[in-house]
Amino acid sequence: MRIAWLVSSGGERTLATGGSVRRAERFVPYRLLAPALAVELLLVLGPLVVGVWYSLHNVRFFRVRNFTGLDNYWRVLGSEEVLNALRYDFRGRTAAMMVIVAVMSIPIASLLVPTFTLISVLGLFDTRLGLVLLYTAYQLPAAIWMLYGYFMSLPVEVENAARVDGCTPLATLRKVVLPLSKPGLVAAALFILVFAWNDFVVAVTMTSSEATRTFPVAIYFYLGFYGREWGPLLAASLVSIVPIIAVFVFLQRYFMSGLTGGGVKG
Amino acid sequence: MSTVTFEGVSKRYGEVVALDALDLRVEEGEFVSLLGPSGSGKSTTLNLLAGLMDADTGSIRIGTRDITGLPPEQRDIAMVFQNYALYPHLTVFENIAFPLEARKPRPDAATIRAKVERVAGTLGVAPLLARYPKEISGGQQQRVALGRAMVRDPKVFLLDEPLSNLDARLRIRMRRDLKALHHQLGSTIVYVTHDQAEAMTLSSRIAVFDHGKLQQYGAPAEIYERPANIFVANFVGDRETNFLDGTLEAGADGLVYATALGRIPLGNGGATPREGRATRLGVRPEAIAVEPDGGSDLRVVLTELAGADLFLTVRGRDETEVVARADPRAIRITEGEGVRLRFDAERLHLFDAGTGVAVRHGGG
């Protein structure tokens, strides 16, 4: 649905300006990618690198025994063609977006072990900060993808107008693109919030003390060793729904459509 | 206010050459239209000047300053976009004030208010200052976009088909307003349009583009009366130019062009085209006078009354057709009648049929 809408709005722009030739360059979304990618690299690709390192070795209990080369991969993939397919010659932006999509497709469960190691090394195990950083990193690709789509749906002429009127790329982002992107920002924020609020697996892995426990983990502890306290468990579950609903209701007005209406004609 | 100079500017998109080695100079205070069909390179030229695209080769100067590599915000220009590109989240006042507030040093609030109100007064949008773009009409949005460009005193104004989204009546009124505005501001304006009538009425000079190449650059009268090639002759003018194929012959009274519609005297003077090249005669409808003649082979097959003018499509025996203009009050003619044509030698253009380049214009 969303994609269809983006595609159709892009098509209209091409028509209105008489062919793709006229389309001026878009500056803003790519600028935003840089810091996002940095965080991304550190927190998602960092564990990935650890994972790659481990995958190339014979590993027992997080101790690297001996270098095994690509043996582990051949066991998994079985062929060289898969690797060849990855050697595409992308230009910068396409490559960046491909990385983001690729990262999005990595199941979190497969990252848990290397992430756990990284978090421990950084001294962030069993801290709220550790969880915050992890949730940010996990959801960043999806958020970038959503916002990228939203930014691209804004009329490029409005950005161009801001540049001609004297705005640097960053000022264009701040004064024009972000104010117009409120619905997209809110949608992305809710998306991340819902994930972080509901997450169980990451929270249960990265925390140990009662003080840092998140709601889903706390609820899980009603399932004790000696018995199941169904009453408090269900009560807690229901209570945990309330804040999310409250946030949705509060932010609903930002989902207004037609925020960009009247800016451009044709 | 400043001059604009393009020197050897090219732009390609992959295999497509959007602009081929453009040399163009706009003098201070001139109103120059870039005219051409879509994909001709006129909008590319404007975007290169605005800094919204980067040139592959060549240099662009505003005044004496080389701006080829500068980002748009450092070029000291103002631009009106085809679809206005107003900031939808800002009021009309904030839209017009935007270029003042985006730049440093930023004027104080009182100065901004005074400037915005003056511009809004000039353009007749003063009562709308508190509204949002979506709450005003298309014509009003257009004026706000103009106001946003006028509020500063930029070196050059760039207008990208600003009238093409208005209805016909409003467009003609805005055309007049734009011209008055240019007289009043005296600023250098580069104006992109595909509407030849707009270019003719507004410009000090017109640059005609086709296929990424500058075809002709000159005053409207020169473009109209001495088109450099077949493309220009055909593109400029309300009605299409008639093109007749034939052969050149030497007559008693100068050159004669023999066509299916008869022998057309080209008059004395003017260059004699080289022998042996195929030629084509360009005739605008107003260069043909029509007289009723029952005995003629030429028949009127279609009459179109366009208010002040009557356009007659005349067909010869071999299906060759020309369109001629007549004064509807001076001539009574119905479809099917025979006519005689008289060609005004002063207004005939001879082109090389192969290259399309003009080889001879009537009247010298």
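Residue indices begin from 1 for each chain and proceed along its sequence in written order. Chains and ligands are labelled by the order in which they are written, letters from A for the one and numbers from 1 for the other. Owing to the predicted nature of the model, reporting of local features is limited to residues with pLDDT of at least 70; listing and counting of side-chain atom pairs is limited to 80 or more, with chain, interface and lining totals taken over all residues.

1. A short note on the overall build of chain B
Numbering of helices and strands runs from the N terminus, with a helix taken as a DSSP run of H or I at least four residues long and a strand as a DSSP run of E at least two residues long. Along its length, chain B carries eight helices and 21 strands. C-alpha extents for chain B along the principal axes are approximately 80 × 45 × 35 Å. Any residue with 12 or fewer other C-beta atoms within 10 Å of its own C-beta is exposed, any with 20 or more is buried, and the rest are partly exposed; the C-beta atoms used are placed from the backbone. In chain B, buried positions account for 43% of the 364 residues. By the criterion used throughout, residues are in contact when their C-beta atoms, derived from the backbone, lie within 7 Å. Taking the contacts inside chain B whose residues are at least 6 apart along the sequence as the reference set, 64% of them involve residues at least 24 apart.

2. Looking at the packing of helix H10 (residues 182-198) of chain A against helix H13 (residues 230-251) of chain A
Residue and element names in this part refer to chain A. Axis separation between H10 and H13 bottoms out at 11 Å; the angle between their running directions is 175°. Our classification of the angle between H10 and H13 gives roughly antiparallel. Each of Val186, Leu190, Leu193, Val194 and Trp197 in H10 lies in contact with H13, whose residues at this interface are Ile244, Val247, Phe248 and Leu251. In this count, Pro and Cys sit with the nonpolar residues alongside Ala, Val, Leu, Ile, Met, Phe, Trp and Tyr, while Asp, Glu, Lys and Arg are called charged and the others, Gly among them, polar. Among the residues making up the contact of H10 with H13, the classes are represented as nine nonpolar, no polar and no charged. Only the stretch in contact is used when fitting a helix axis, every axis being a line fitted to C-alpha atoms; angles between N-to-C directions are given from 0 to 180 degrees. Here is the rule for angles: anything less than 35 degrees is roughly parallel, anything more than 145 is roughly antiparallel, 65 through 115 is roughly perpendicular, and the remaining ranges are oblique.

3. Some details on the domain arrangement of chain B
Domain boundaries in chain B define domain 1 (4-227) and domain 2 (242-361). Each of domain 1 of chain B and domain 2 of chain B has a C-alpha centre, and the two are 39 Å apart. Domain start and end points were adopted from an automatic or database domain assignment.

4. Section: the sheet that holds strand S3 (residues 31-35) of chain B
Residues and elements named next belong to chain B. The strand order S6-S7-S8-S3-S9-S10 describes an open sheet built from six strands, whose pairing is mixed. Unpaired on one side and paired on the other, strand S6 (77-80) and strand S10 (213-218) mark the two borders of the sheet. Averaged over all pairs of adjacent strands, the angle between their axes in this sheet comes to 15°, without regard to strand direction. Both S3 and strand S9 (residues 205-210) contribute to a ladder of four bridges, which runs parallel. Within S9, the residue paired with Leu34 across the bridge is Ala207. Here a strand pair is declared whenever DSSP counts at least two bridges between the two strands.

5. Here's the deal with the pairing of strand S8 (residues 188-193) of chain B
All names here are of chain B. The element S8 is extensively covered by neighbouring structure, given that six of its six residues are classed as buried. Here S8 shows two buried faces, one formed by Thr188, Val190 and Val192 and the other by Ile189, Tyr191 and Thr193. Bridging between S3 and S8 involves five bridges; their strand directions are parallel. Residue pairing in the sheet places Leu35 in a bridge with Thr193 of S8. Where strand S7 (residues 156-160) meets S8, five bridges bridge the pair, whose relative direction is parallel. Bridging from a neighbouring strand, Leu158 pairs with Val190 of S8. Handedness of a crossover is defined as follows: with both strands directed away from the viewer, a clockwise route from the first strand across the helix to the second makes it right-handed. Taking the sense of rotation as the criterion, the β-α-β connection linking S7, helix H5 (residues 168-185) and S8 turns out right-handed.

6. Examining the nonpolar core
A general trend in soluble globular proteins is that nonpolar side chains are found buried together. Structurally, a nonpolar core is described as a collection of buried Ala, Val, Leu, Ile, Met, Phe, Trp, Tyr and Cys residues joined by way of C-beta atoms within 7 Å. Ranked by internal contacts, the top residues of the largest apolar core, which has 130 residues, are Met79(B), Leu158(B) and Val190(B). It is helix H7 (residues 128-153) of chain A that provides the largest number of residues to this core, a total of eleven residues. Each of domain 1 (4-227) and domain 2 (242-361) of chain B gives at least three residues to this core. Aside from chain neighbours lying at most four places away, what touches Val190(B) is Val4(B), Val26(B), Val32(B), Leu34(B), Leu46(B), Leu49(B), Val156(B) and Leu158(B).

7. Things to note about the environment of Asp66(B)
All names here are of chain B. Looking at where Asp66 falls in the secondary structure, it is placed in strand S5 (residues 65-66). With 172 residues separating them along the chain, Asp66 and Asp238 place their C-alpha atoms 38 Å apart. Leave out the neighbours within four places in its chain, and Asp66 touches Ser59 and Arg61.

8. Remarks on the sheet that holds strand S2 (residues 16-26) of chain B
Residues and elements named next belong to chain B. Strand order in this open sheet of four strands is S2-S1-S4-S5, and the pairing throughout is antiparallel. Every interior strand has two partners, whereas the edge strands, S2 and S5, have only one. The pairing of strand S1 (residues 4-13) with strand S4 (residues 57-62) spans five bridges and is antiparallel. Counterpart to Glu7 in the pairing with S4 is Ser59.

9. Focus on the pairing of S9(B)
All names here are of chain B. The pairing of S9 with S10 spans five bridges and is classified as antiparallel. The residue bridging Ile206 from the neighbouring strand is Gly218, located in S10. Here S9 hands over to S10 after two residues, with His211 in that stretch at a positive phi of 50°.

10. Thoughts on unusual backbone geometry
Residues and elements named next belong to chain B. For the bond from Lys104 to Pro105, the omega torsion is -5°, close enough to zero to count as cis. Positionally, Pro105 belongs in the loop between helix H2 (92-102) and helix H3 (109-123). Positive phi is not limited to glycine here, since Asp76 has a value of about 55°. Turning to its location among the elements, Asp76 is positioned in the loop between S5 and S6. Non-glycine residue Ala85 carries a positive phi angle of around 50°. Residue placement: Ala85 occurs in the loop between S6 and H2.

11. A look at helix H1 (residues 42-50) of chain B
Residues and elements named next belong to chain B. With nine of its nine residues buried, H1 lies for the most part within the structure. Buried within H1 we find Lys42, Ser43, Thr44, Thr45, Leu46, Asn47, Leu48, Leu49 and Ala50. Immediately beyond the C-terminal end of H1, within one or two residues, lies Gly51, with a positive phi of roughly 85°.

12. Describing helix H9 (residues 169-180) of chain A
Residues and elements named next belong to chain A. Taking 1.5 Å of rise per residue, the twelve residues of H9 would be expected to cover 16 Å, and the 15 Å separating its terminal C-alpha atoms lies within 8% of that figure. Looking at H9, one finds that the buried residues are Thr172, Leu173, Val176, Val177 and Leu180. All buried residues of H9 lie within an arc of 130° about the axis, which places them on one face of the element. Each residue after the first adds 1.5 Å to the expected span of a helix. Each direction from the helix axis to a C-beta atom contributes to the arc, which is the arc of those directions.

13. Things to note about the confidence of the model for chain B
Per-residue pLDDT for chain B averages 90, and the proportion of residues at 70 or more is 98%. Across the predicted assembly, pTM comes out at 0.76 and ipTM at 0.84. Note on scores: pLDDT gives the predictor's confidence for each residue, bounded by 0 and 100.

14. Observations regarding the packing of H2(B) against helix H4 (residues 138-150) of chain B
Residue and element names in this part refer to chain B. Orientation of H2 relative to H4, taken along the N-to-C sense of each, is 30°, at an axis distance of 7 Å. Relative to H4, the element H2 lies roughly parallel. Between H2 and H4 the crossing geometry is right-handed. Contacts between H2 and H4 involve Val92, Asn95, Ile96, Phe98 and Pro99 on the former and, on the latter, Val144, Gly147 and Arg148. Here the contact of H2 with H4 is built from residues that sort into five nonpolar, two polar and one charged. The hand of a helix crossing depends on one turn: near helix anticlockwise from the far one by less than a right angle means left-handed, and clockwise means right-handed.

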